[in-house]
Amino acid sequence: MVIRKRFGQHFLHDPAVIRRIIDAVAPTRGERVVELGPGRGALTFGLLERAHRLDAIEIDRDLARLLEADPRAQDRLHLHVENMLDTDFTLLRGQGPKLRIVGNLPYNVSTPMMFHLLSQRGAIEDMHFMLQKEVVDRMAAAPGGKEYGRLTVMLAAYAEVEALFEVGPGAFRPPPKVRSGVVRLRPSTAPRFAIGSDVALRTLAQAAFSHRRKTLRNGLKGLLSGADVEACGIDPQLRPETLTPEQFGRLAVTYEHKRAADAPPRDALRKRGAREG
């Protein structure tokens, strides 16, 4: 089997690690389990044995054909040959139970894939991923450390994140140059704290963590004033890594209110459009 570098393929082969991941997911019969990037099937058939049905999304047609031809697949393994970033998980769920997502994600698509899934979180029960350990550390970081940042804040708004265990390079073929980690996400349909809007929270977090060494007063200049920050019960002299996600949510709510207050009235926009037309 040719390893396609463009897909970022590192195949899991360590039986102890495979067993530990499947035990962490603990699928049961009747649950709707979806595996992302099954590869050569290291996790696939263990998951299938417990869940008795499995959807798998694989971009590599050669690997998909191998999995479909495996006698263990029978009619219980349903392959979707497509890019997981294009998958409509709400459509995949249909009227059935919420999806349980499992995947050894390629490092080059891990972050966009998580946000793609969270954009459809109403269809998802939980997610278990193998990711680069550095990414897992950032996802689950507590305020105050160098790993804590925009990714931590954005994920915290919509999911409970739990780092489970580390995995060494030797568990894969070919071995990657980095350590990996397994993480669990339990998404919430509604934001877990007030955020104003996705755009507001993203804007504030990006601005703040683009200037980690600056105080909030300076890092958020042009978005919020020092007085705005103080009105949220937050010292504007603090640096961004000291704030909790909920405090970023408070700032985002204030920013959203300011944007709404500064926006031209709809009637004015309509009149301007009529004049320009």
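Above this text sits the structure in question.
Structural notes, computed from the coordinates.

1. A word on the side chain of Thr-87
So, step 1. Within the secondary structure, Thr-87 is located in the loop between strand 4 (77-80) and helix 4 (89-93).
So, step 2. Those residues in contact with Thr-87 that lie beyond four places of it in its chain are Ile-57, Glu-82, His-116 and Gln-120.

2. Details of the packing of helix 8 (residues 198-209) against helix 11 (residues 245-262)
Two measures define how a pair of helices packs: the angle their axes make with one another and the distance between the axes.
So, step 1. Interaxial distance between helix 8 and helix 11 falls to 8 Å at its minimum, and their mutual angle equals 115°. Judged by the twist between their axes, the crossing of helix 8 over helix 11 is right-handed. Between helix 8 and helix 11, the contacting residues are Val-199, Ala-200, Leu-201, Thr-203, Leu-204, Ala-205, Ala-208 and Phe-209 on the first element and Phe-248, Gly-249, Leu-251, Ala-252, Tyr-255, Glu-256 and Arg-259 on the second.

3. Points about the pairing of strand 6 (residues 124-132)
So, step 1. Counting buried residues in strand 6 gives eight out of nine residues, a clear majority hidden from the surface.
So, step 2. Here six bridges tie strand 5 (residues 99-104) to strand 6, and the two strands are oriented parallel to one another. Across the sheet, Arg-100 pairs through a bridge with Asp-126, a residue of strand 6.
So, step 3. For the crossover that starts at strand 5, traverses helix 5 (residues 110-118) and ends in the parallel strand 6, the hand is right-handed.
So, step 4. Note that strand 6 and strand 9 (residues 180-187) share six bridges and pair antiparallel. Among the inter-strand pairings, Phe-129 is bridged to a residue of strand 9, identified as Val-183.

4. Re the sheet that holds strand 6
So, step 1. Strand order in the open sheet formed by seven strands is 4-3-2-5-6-9-7, and the pairing between neighbours is mixed. Among the strands making up the open sheet, the edge pair consists of strand 4 and strand 7 (159-167). Strand-to-strand, the axes of this sheet are offset by a mean angle of 20°, without reference to chain direction.
So, step 2. With five bridges joining them, strand 2 (residues 32-36) and strand 5 adopt parallel strand pairing.

5. Focus: the packing of helix 1 (residues 15-25) against helix 2 (residues 44-51)
So, step 1. Running from amino to carboxyl end, helix 1 crosses helix 2 at an angle of 35°, the nearest separation of the two axes being 10 Å. Crossing of helix 1 against helix 2: the hand is right-handed. For the pair formed by helix 1 and helix 2, the contact residues are Ile-22, Asp-23 and Val-25 on the first element and Gly-46, Leu-47 and Arg-50 on the second.
So, step 2. Split by residue class, the contact of helix 1 with helix 2 holds three nonpolar, one polar and two charged.

6. Notes on helix 11
Within an α-helix, residues lying three or four positions from one another point in the same direction, as the helix has 3.6 residues per turn.
So, step 1. If you check helix 11, its first and last C-alpha atoms are 26 Å apart, about what 18 residues at 1.5 Å a residue would give, namely 26 Å.
So, step 2. Every buried residue of helix 11 is listed here: Pro-245, Gln-247, Phe-248, Gly-249, Leu-251, Ala-252 and Tyr-255.
So, step 3. For helix 11, the elements touching its buried residues are helix 7 (150-156), helix 8 and helix 10 (226-231).

7. Section: the nonpolar core
So, step 1. Leu-36, Phe-89, Ile-101, Phe-129 and Leu-251 are the most contacted members of the largest nonpolar core, which has 53 residues in total.
So, step 2. Apart from residues no more than four positions distant in its own chain, Phe-89 is found in contact with Val-34, Leu-36, Ile-57, Met-84, Leu-99, Ile-101, Met-113, His-116, Leu-117, Gln-120 and Ala-123.
So, step 3. By size, the runner-up hydrophobic cluster in this structure holds 26 residues, among which are Val-17, Ile-18, Val-33 and Ala-64.

Conventions adopted
Residues numbered from 1 in each chain as written. Predicted model: local features only at pLDDT ≥ 70, side-chain atom pairs only at ≥ 80, totals over all residues. Heavy atoms only, no water. Helix = DSSP H or I, 4+ residues; strand = E, 2+ residues; numbered from the N terminus. Contact = heavy atoms within 4.5 Å. Axes fitted to C-alpha atoms, helices over the stretch in contact; angles between N-to-C directions. Left-handed = near helix turned anticlockwise from the far one by under 90°. Buried < 20%, exposed > 50% of the residue type's maximum accessible area, 1.4 Å probe, protein only. Pairing = 2+ DSSP bridges. Right-handed = clockwise from strand over helix to strand, strands pointing away. Nonpolar A, V, L, I, M, F, W, Y, C, P; charged D, E, K, R; others polar. Expected span 1.5 Å × (residues − 1). Core = buried A, V, L, I, M, F, W, Y, C linked by side-chain atoms within 4.5 Å.

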